[in-house]
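Residue-level structural notes
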Amino acid sequence: MTPENKTVPGCGICEVIDQIKAGTFRDFIAELKASYVILGDQQFYRGYCILFAKIHATELYLMPADAARTLFDEMRLCAEAIATIVKPWKMNYECLGNSEPHVHWHLLPRYEHESDELRQVPVWLRPGAERRVSLDDKDRIALIGSIRHQLAARFPDARIPT
């Protein structure tokens, strides 16, 4: 999204934001002042979420400073909300943009259990097929509901679907 909130053609994240706005993105969690929060498709890391900046910018330093600070505060509080629910050993934060050049944050809870023998290396070293664990609908809906509840407590002005 540009500062005028227009979709940038060819941007995959802007396309997802359009789906969120249309009410057709099933894993939408909440709309905050500077971002949209979704449940990620890599639930090997239970609680994995992504925050999309509302403003389309390819770099944090290209965003207005106030918007970047607001986005950072939202990312920090979203991580806290997720951690309250899933109790990770460690939370990983990634803002890369190499394949999707739109500022966004990956929030990846990490766990100390044996099934994550790669817990001390970047998540991207685990093969994609192993990361893309889907939750059954009941579990997915419950997790989204729990995250929404925690976000509502931290962001009273958030738009959270009911």
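Above this text sits the structure in question.
Residues numbered from 1 in each chain as written. Predicted model: local features only at pLDDT ≥ 70, side-chain atom pairs only at ≥ 80, totals over all residues. Heavy atoms only, no water.

**Section: the pattern of salt bridges**
Here the idea is simple: oppositely charged side chains can pair when their charged atoms come close. Under the definition given, this model contains 11 salt bridges. The shortest N-O distance in the salt bridge between Asp139 and Arg46 comes to 2.8 Å. Here Arg46 lies in the loop between β2 (35-39) and β3 (49-53) and Asp139 lies in helix α4 (residues 137-154), a separation of 93 residues in the sequence. Here Arg69 makes a salt bridge to Asp66, at a shortest N to O gap of 2.6 Å. In this pair, Arg69 and Asp66 both sit in helix α2 (residues 65-86), 3 residues apart, roughly one turn of the helix. (Salt bridge = Lys/Arg side-chain N within 4 Å of Asp/Glu carboxyl O. Helix = DSSP H or I, 4+ residues; strand = E, 2+ residues; numbered from the N terminus.)

**Structural notes on the packing of aromatic side chains**
Inspection of every chain in the model, using the stated rule, returns 1 aromatic pair. Here the basic side chain of Lys54 rests over the ring of Tyr36, its NZ or CZ set 5.3 Å away from the ring centre. (Phe/Tyr/Trp six-rings, centres within 6.5 Å; stacked < 30°, edge-to-face > 60°. Lys NZ or Arg CZ within 6 Å of the ring centre and 35° of its normal.)

**Thoughts on the pairing of strand β1 (residues 28-31)**
Regular strands place side chains that alternate from one sheet face to the opposite one. In this sheet, β2 lies alongside β1 in antiparallel orientation, the contact comprising 3 bridges. Across the sheet, residue Glu31 finds its bridge partner in β2, namely Tyr36. (Pairing = 2+ DSSP bridges.)

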